[in-house]
Amino acid sequence: MANTIIVGAQWGDEGKGKVVDFLTEQADVIVRAQGGNNAGHTVISDGRKFVLHLIPSGILWPGKSCVIGNGVVLDPVSLVEEIRGLADQGIAVSPDQLRISERAHLTLPWHRGLDRLRETGLGSRRIGTTGRGIGPTYADKAQRTGLRTSALRQPVRLAALLNERLQENNRLLEAAGEPTIDIDTTCRAVLAAAAFLEPFLTDTTVYIHRQIEQGRRLLFEGAQGTYLDIDHGTYPFVTSSNTTAGGACTGSGVSPRRIDRVIGVCKAYTTRVGEGPFVTEDDSLSDRLHHMGREFGATTGRARRCGWLDLVLLRYAHMVNGFDALAVTNLDGLDELDRIQVCTAYDLDGVRLETPPSEVEDWERCTPCYEELPGWRTSLSDLTDIKQLPPRARAYLDFIASDLGTTISHVGIGPSREQTLVC
Ligand code: GDP
Ligand code: IMO
Ligand code: MG
């Protein structure tokens, strides 16, 4: 397999974890390049469920090398919990299997406090963040006041900085009537995590380049999705990193010239968790999927908002990411429907839009223009070959591929690794 970027084409939770897990067999090095533990990637392997937040999903395969790149924001305490949780599930994570960039940025307890504070301050215009401190960590990085993972190697300096910043932030939290952070307990927890993680730190850029020189194949695991991208998404209802294909390069130190393939992952419908515009949102589809026990967030457990497939979104996502192919997941979620709506354009004050507007206020006023396709009304979950797809399910996929001018490489018909059809 060529060096491949896996990227979410919608608002996250498209099933990237499952697709990465499926493709890991053909890869050697699996890299996370942006985001933090706001991500929740579900993989079901041999009937066991794993939810990964910071560690690439490739860790579930023996003999693979995983990397957390410089573009990631890393909460050290939460990462240690994730490593221990995997050990409890029988997956040992050693510095031979996981390498962490010494240039990644640290998410520390006050970042979570500030995240909460900003959300409260925004009132009805809140973003609906995951509360993991992601925005404040990237804000520190951008304003050049952040702490990088290399600080985990310097416990004395780290302890002094933690003390200073915690006092400063406690004053802010106190003034806002928010609970303050216990300084001693927090310092102890962060320093213990630092000692644990130190052996995992390295210059991952150099490591990845050595791997490329040896002909090893890279697989980049995108977090979040195109419309949560800080530049291309529904700003300000976005996350704080570049979630699109370019983010894989800046967040890992790998040149775009070393990338061979970009695979976009999209659901056969659309979901979003958190606030912000969602033109094809449909309460009856939400109810139907939630009653099936589906579409609850892997990180926060929140019910995801659901709606019809939106080709306006996918068209623009294709421009920004340059999909060589699309993996369409959760096709089985539409199994029982008589009629399926697909949004082919937006109407904004009588003007037909084929691509989304840039201003969120315009986005919120758009209404969907739908085409209706017939449902296949049969369960797809037990199919084993793409040729077994019912003609109407095939026609649904062809409709998407021909609109976008791209091919579909994989189709998901259930949450397990083996419920993936290769086209
Ligand atoms: P990610 O963040 O993009 O990795 O996606 P999540 O894991 O947060 O959410 C995707 C959800 O859909 C998870 O519960 C997966 O187990 C599930 N899933 C992925 N692909 C399929 C599929 O083809 N069919 C079904 N039924 N579930 C799927
Ligand atoms: P994966 O990798 C879905 C959303 C939050 C909120 C916005 C900003 O599992 O696809 P943040 O905490 O990042 O400041 O929140 O982004 N969000 C996600 N939604 N999947 C994710 O990750 C998300 N990560 C962040 O709900 O709307
Ligand atoms: Mg997710």
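What you see as residue numbers is a count from 1 along each chain, following the sequence as written. By the order in which they are written, chains take letters starting at A while ligands take numbers starting at 1. Local features in a predicted model are, by the rule used here, given only for residues with pLDDT of at least 70; side-chain atom pairs are given and counted only at 80 or more, and totals for whole chains, interfaces and linings are based on all residues. Hydrogens and waters are ignored; side-chain quantities use all the structure's heavy atoms.

### Observations concerning unusual backbone geometry
The condition is simple: Strands are runs of DSSP state E lasting at least 2 residues, helices are runs of H or I lasting at least 4, and numbering of each runs from the N terminus.
Between Tyr235 and Pro236 the backbone carries a cis peptide bond, its omega angle lying at 10°. Mapped onto the secondary structure, Pro236 falls in the loop between β10 (218-221) and α8 (245-250). Look at Arg144: it is not a glycine, yet its phi comes out positive at around 65°. Here Arg144 shows up in the loop between α4 (134-142) and α5 (155-175).

### Observations regarding the site of ligand 2
As a reminder of what qualifies: Nearness here has a simple test: a residue counts as near a molecule or strand if at least one of its heavy atoms is within 4 Å of that partner. To be clear on the numbers: accessible area is Shrake-Rupley with a 1.4 Å probe, and residue cover counts the displayed protein chains and nothing else. Residues are sorted three ways: Asp, Glu, Lys and Arg are charged, Ala, Val, Leu, Ile, Met, Phe, Trp, Tyr, Cys and Pro are nonpolar, and all the rest, Gly among them, are polar.
Inspection of the region around ligand 2 gives 21 residues, with Lys16, His41, Thr130, Gln224 and Thr239 positioned closest. When ligand 2 is considered free in solution it has 550 Å² of accessible area, and contact with the protein chains removes 98% of it. Class assignment of the residues belonging to the shell around ligand 2 gives a composition of 8 nonpolar, 10 polar and 3 charged.

### Section: the sheet that holds strand β19 (residues 407-412)
To keep it simple, the criterion reads: Note: two strands are recorded as paired if DSSP finds a minimum of 2 bridges between them. A contact between two residues is defined here by any heavy atoms of the two lying within 4.5 Å. In this description, a line fitted to the C-alpha atoms serves as the axis of each element, helices being fitted only across the stretch in contact, and the angle between N-to-C directions of two axes falls anywhere from 0 to 180 degrees.
Read across the open sheet, the 10 strands follow the order β9-β7-β5-β2-β10-β1-β11-β15-β19-β20; overall the sheet is mixed. Only two strands of the sheet have a single partner each, and these edge strands are β9 (201-202) and β20 (420-422). Against the sheet, helix α1 (residues 16-24) contacts β1 (4-8), β2 (29-32), β10, β11 (261-267), β15 (325-329), β19 and β20, and its axis sits at roughly 165° relative to β1.

### Overview of the pattern of salt bridges
Threshold: Salt bridges are identified by distance alone: a Lys or Arg side-chain nitrogen within 4 Å of an Asp or Glu carboxyl oxygen. Only protein chains enter the area calculation, which uses a 1.4 Å probe; residues under 20% of their type maximum are buried, those over 50% are exposed, and those in between are partly exposed.
Summed over all chains, the structure comprises 24 salt bridges. For Arg112, the salt bridge identified is with Asp75, shortest N-O distance 3.4 Å. Taken as a pair, Arg112 in helix α3 (residues 109-122) and Asp75 in the loop between β6 (73-74) and α2 (76-88) lie far apart in primary sequence, 37 residues in all. With a relative accessible area of 30%, Arg112 lands in the partly exposed category. The partner of Glu102 in a salt bridge is Arg153, and the shortest N-O contact between them spans 2.9 Å. Note that Glu102 is positioned in the loop between β7 (98-101) and β8 (105-106) and Arg153 in the loop between α4 and α5, a separation of 51 residues in sequence. Given the relative accessible area of 34%, Arg153 is considered partly exposed. A single salt-bridge network, built from bridges that share partners, covers Asp13, Lys267, Glu295 and Arg304.

### Considering the coordination of the magnesium ion (ligand 3)
Here is the rule: Counted as coordinating are nitrogen, oxygen and sulfur atoms within 2.8 Å of the metal, or 3.2 Å for Na, K and Ca, while water is not included, which may make sites look incomplete.
On the protein side, the magnesium ion (ligand 3) has Asp13 (OD) and Gly40 (O) as donor atoms, found 2.0 to 2.2 Å from it. With Asp13 in the loop between β1 and α1 and Gly40 in the loop between β2 and β3 (41-45), this pair connects stretches of sequence that are 27 residues apart.

### Digging into the environment of Arg217
With respect to the helices and strands, the residue Arg217 is situated in the loop between α7 (204-213) and β10. The exposure class assigned to Arg217 is partly exposed, which follows from its relative accessible area of 27%. Sequence spacing of Arg217 and Arg144 is 73 residues, and the spatial spacing of their C-alpha atoms is 33 Å.

### What to know about the environment of Val20
Secondary-structure assignment places Val20 in helix α1. In this structure, Val20 is in contact with Ile6, Ile30, Ser57, Gly58, Leu219 and Glu221, ignoring residues within four places of it in sequence.

### As for the nonpolar core
Formally: Put simply, a nonpolar core is a bunch of buried Ala, Val, Leu, Ile, Met, Phe, Trp, Tyr and Cys residues held in one set by side-chain atoms that sit within 4.5 Å of each other. Each domain's extent is set by a domain assignment, obtained either automatically or from a database.
Counting residues in each nonpolar core, the largest one holds 65 residues, and the members touching the most others are Leu331, Tyr346, Leu389 and Tyr396. Take this core: its biggest share by element is 6 residues, from helix α12 (residues 391-404). The residues that make up this core include at least three from each of domain 1 (4-103 + 202-261) and domain 3 (266-422). Val43, Leu52, Leu161 and Cys187 belong to the second-largest nonpolar core, a separate cluster that totals 52 residues.

### Focus: the packing of aromatic side chains
The geometry of an aromatic ring pair is captured by two quantities: the separation of the ring centres and the angle between the planes. Put simply, the rule is: Put simply, two rings from Phe, Tyr or Trp (the six-membered ring, in Trp's case) pair if the centres are within 6.5 Å, and we call them stacked under 30 degrees between planes, edge-to-face over 60, tilted for the rest.
A full pass over the atoms with the stated rule returns 5 aromatic pairs. Each ring, one from Trp11 and one from Phe278, has its centre 5.2 Å from the other, and the planes form 55°; the classification is tilted. With Trp11 in the loop between β1 and α1 and Phe278 in the loop between β12 (270-272) and α9 (283-291), the pair connects residues that are 267 residues apart, well separated along the chain. For the pair shown, Trp11 and Phe278 are each scored as buried. An aromatic cluster is defined as three or more aromatic residues linked by ring pairs; in this entry it consists of Trp11, Tyr227, Phe278 and Trp363.

### Examining the side chain of Thr186
For Thr186, the location among the structural elements is in helix α6 (residues 183-197). Apart from residues no more than four positions distant in its own chain, Thr186 is found in contact with Pro109, Leu166 and Ile181.

### Observations regarding the domain arrangement of the protein chain
Cut-off, in case you're wondering: Once two parts are brought into contact, the accessible area they lose, counted with a 1.4 Å probe and summed over both, makes up the buried area. Polar contacts, as counted here, are pairs of nitrogen or oxygen atoms within 3.5 Å of one another; within protein the pair requires one atom able to donate a hydrogen and one able to accept it, and residues that are adjacent in sequence qualify only if both atoms are side-chain atoms.
By the assigned domains, the protein chain splits into domain 1 (4-103 + 202-261), domain 2 (106-197) and domain 3 (266-422). Of note, the centres of domain 2 and domain 3, computed from C-alpha atoms alone, are 37 Å apart. In this complex, domain 2 contributes 7 residues to the contact, which on the side of domain 3 involves 7 residues. Summed over both partners, the interface of domain 2 with domain 3 comes to about 520 Å²; 38% of that surface belongs to carbon and sulfur atoms. Our enumeration of links across domain 2 and domain 3 arrives at 2 salt bridges. Between Glu364 and Arg125 there is a salt bridge, with its nearest N and O atoms 3.3 Å apart. Put simply, domain 2 and domain 3 have 4 residue pairs in polar contact (both at pLDDT 80 or more) between them. Split by residue class, the side of domain 2 that touches domain 3 holds 1 nonpolar, 3 polar and 3 charged.

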